[in-house]
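Coordinate inspection notes
Now for the letters of each chain:
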Amino acid sequence: DIVMAQSPLSLPVTPGEPASISCRSSQSLLHSNGYNCLDWYLQKPGQSPQLLIYMGSNRASGVPDRFSGSGSGTDFTLKISRVEAEDVGLYYCMQAVQTPITFGQGTRLEIK
Amino acid sequence: QLQLQESGPGLVKPSETLSLTCTVSGGSISSTSYYWGWIRQPPGKGLEWIGTIYYSGSTYYNPSLKSRVTISVDTSKNQFSLKLTSVTAADSAVYYCARQYSSGPGQPTMIDYWGQGTLVTVSS
C-alpha cells in the first residue's frame, strides 16, 4: 500500500495569515497519463469531507482561490494564502494512483 | 444536484453482518464516468477507503478488508450496497458512500460527492 504522510498534524493559524500543509507519499503518484493522482479534502467540524484540490493542483468547483495545490511525484503541498475562520477543520491528502486508495493522517487547522 | 444517502442499521452485534445501502439521486449510477465507493471513519480517527464499484459490477476492495467485504450495485434502483461480515468493535465507524471520478478502466480517482455519513456501532 502507498503510505501518505502529512505534516504538520496540527496547525494553529492567525486569521489573514498563510498556511501550508505537506503531504508525502511512499511511491510516486504520477500516473502514466501525466497527471498526479493526489487530491486534497477538507472535513469541516461535523461534516463530510469535501473536495478542495484534485490531480495535485486543480481547484474543485466552488473552492475559493485562496486555496492552491502544488507538487509532483511524491511531494505535495496545499497552501492557503490567507486563512479565514471558515477554513477550520481536518485536511486530508489522498492518493488514487493505485488501489487501495489511501489517505494521509489528517492535519487539524485551528484559528489562534 | 447529485445527492447520496446512506441507510441501514446503526447498531450491529459482534460477529454479525453490517449492511448499508446508498441511494443516489440527481444523477444516474449507470454513468460511465464514475465509480461508487464506501469510505469509513472510526470516531476521532482518519479516513479509510473500503472499496468501490462500477455500474457494470466491477469491484475494487481494500485488501485489509477484502475477505469480509462485498459491494454490489442495483442500477434499477440507482443504489449500491455494502456488506461487511464478522464485524467487531473495530468496525465501529461513520460510513460514507461517495462518487469517484473514473480516469479509465480500473482507475477510480477523486471523490467529488460524499454522503452525509451514517454511524454504525458494533456492540452487543
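Residues numbered from 1 in each chain as written. Chains lettered and ligands numbered in written order. Predicted model: local features only at pLDDT ≥ 70, side-chain atom pairs only at ≥ 80, totals over all residues. Heavy atoms only, no water.

1. Points about empty space enclosed by the protein
A water-sized probe, rolled over the atoms, reveals where empty space remains. Scanning the model with the defined rule gives one cavity of 30 Å³ or more in all. Of the volumes computed, that of the largest cavity is approximately 30 Å³. Residue lining of the largest cavity: N36, C37, L38, D39, M55 and A96 of chain A together with T109 and M110 of chain B, and that is the complete set. Contributions of two or more residues to the lining of the largest cavity are made by β4 (38-43) of chain A together with β10 (108-114) of chain B. Broken down by class, the residue content of the lining of the largest cavity amounts to five nonpolar, two polar and one charged. (1 Å grid on protein atoms, 1.4 Å probe; cavity = no way out; pocket = protein on both sides within 12 Å on 5 of 7 lines; lining within 4 Å. Points joined across faces, edges and corners; volume = space filled by probe spheres on them. Helix = DSSP H or I, 4+ residues; strand = E, 2+ residues; numbered from the N terminus. Nonpolar A, V, L, I, M, F, W, Y, C, P; charged D, E, K, R; others polar.)

2. Here's the deal with the sheet that holds strand β7 (residues 67-72) of chain A
Residues and elements named next belong to chain A. Pairing in this open sheet of four strands is antiparallel, and the strands run β1-β3-β8-β7 from one edge to the other. Each edge of the sheet is formed by a strand with only one pairing partner; in this case those strands are β1 (4-7) and β7. Ignoring which end each strand starts from, the neighbouring axes of this sheet average 15° apart. As paired elements, β7 and strand β8 (residues 75-80) share six bridges and run antiparallel to each other. Bridge assignment links G69 to a residue of β8, and that residue is L78. (Pairing = 2+ DSSP bridges. Axes fitted to C-alpha atoms, helices over the stretch in contact; angles between N-to-C directions.)

3. With respect to the packing of aromatic side chains
Residue and element names in this part refer to chain B. Applying the stated criterion to the full structure yields eight aromatic pairs over all chains. Residues Y34 and Y101 carry aromatic rings whose centres are separated by 6.0 Å and whose planes lie at 70° to one another, so their mutual orientation is edge-to-face. In this pair, Y34 sits in strand β4 (residues 34-41) while Y101 sits in strand β9 (residues 93-102), placing the two residues 67 residues apart along the sequence. In this structure Y34 comes out as buried when scored by relative accessible area, which is 17%. Put simply, the rings of Y35, Y54, Y55 and Y60 pair up and form one aromatic cluster. Above the ring of Y34, the side-chain terminus of R99 is found at 3.5 Å from the ring centroid. (Phe/Tyr/Trp six-rings, centres within 6.5 Å; stacked < 30°, edge-to-face > 60°. Buried < 20%, exposed > 50% of the residue type's maximum accessible area, 1.4 Å probe, protein only. Lys NZ or Arg CZ within 6 Å of the ring centre and 35° of its normal.)

4. Here we look at the interface of chain B and chain A
Each side of the interface is counted separately: chain B has 22 residues, and chain A has 18 residues. A combined buried area of about 1600 Å² lies between chain B and chain A, and 63% of that area is made up of carbon and sulfur atoms. Counting the surface chain B buries against chain A, the share from its top three residues, L47, W49 and M110 of chain B, is 34%. Taken together, chain B and chain A are joined by zero salt bridges. Across the contact surface, chain B and chain A share nine residue pairs in polar contact (both at pLDDT 80 or more). Looking at which element gives the most residues to the side of chain B that touches chain A, the answer is β10 of chain B, with six residues. Residue composition of the side of chain B that touches chain A, by class: ten nonpolar, nine polar and three charged. (Contact = heavy atoms within 4.5 Å. Buried area = accessible area lost by both parts, 1.4 Å probe. Salt bridge = Lys/Arg side-chain N within 4 Å of Asp/Glu carboxyl O. Polar contact = N/O pair within 3.5 Å; in protein donor to acceptor, adjacent residues only side chain to side chain.)

5. Comments concerning the layout of surface pockets
The computed volume of the largest pocket comes to approximately 340 Å³. For the largest pocket, the lining is made up of 13 residues, of which Q1, L2, D112, Y113 and W114 of chain B are closest to its centre. When residues of the lining of the largest pocket are traced back to their parent elements, those giving at least two are β5 (50-54) of chain A together with β1 (3-7) and β10 of chain B. Looking at which element gives the most residues to the lining of the largest pocket, the answer is β10 of chain B, with three residues.

6. Looking at the sheet that holds strand β7 (residues 69-74) of chain B
All names here are of chain B. The four strands are arranged β1-β3-β8-β7 in an open sheet whose pairing can be described as antiparallel. One side of each edge strand has no neighbouring strand; the edge strands of this open sheet are β1 and β7. In this sheet, neighbouring strand axes are inclined to one another by 20° on average, regardless of whether the strands run parallel or antiparallel. Pairing geometry for β7 and strand β8 (residues 79-84), over six bridges, is antiparallel. Its bridge partner being in β8, V69 is matched across the sheet by L84.

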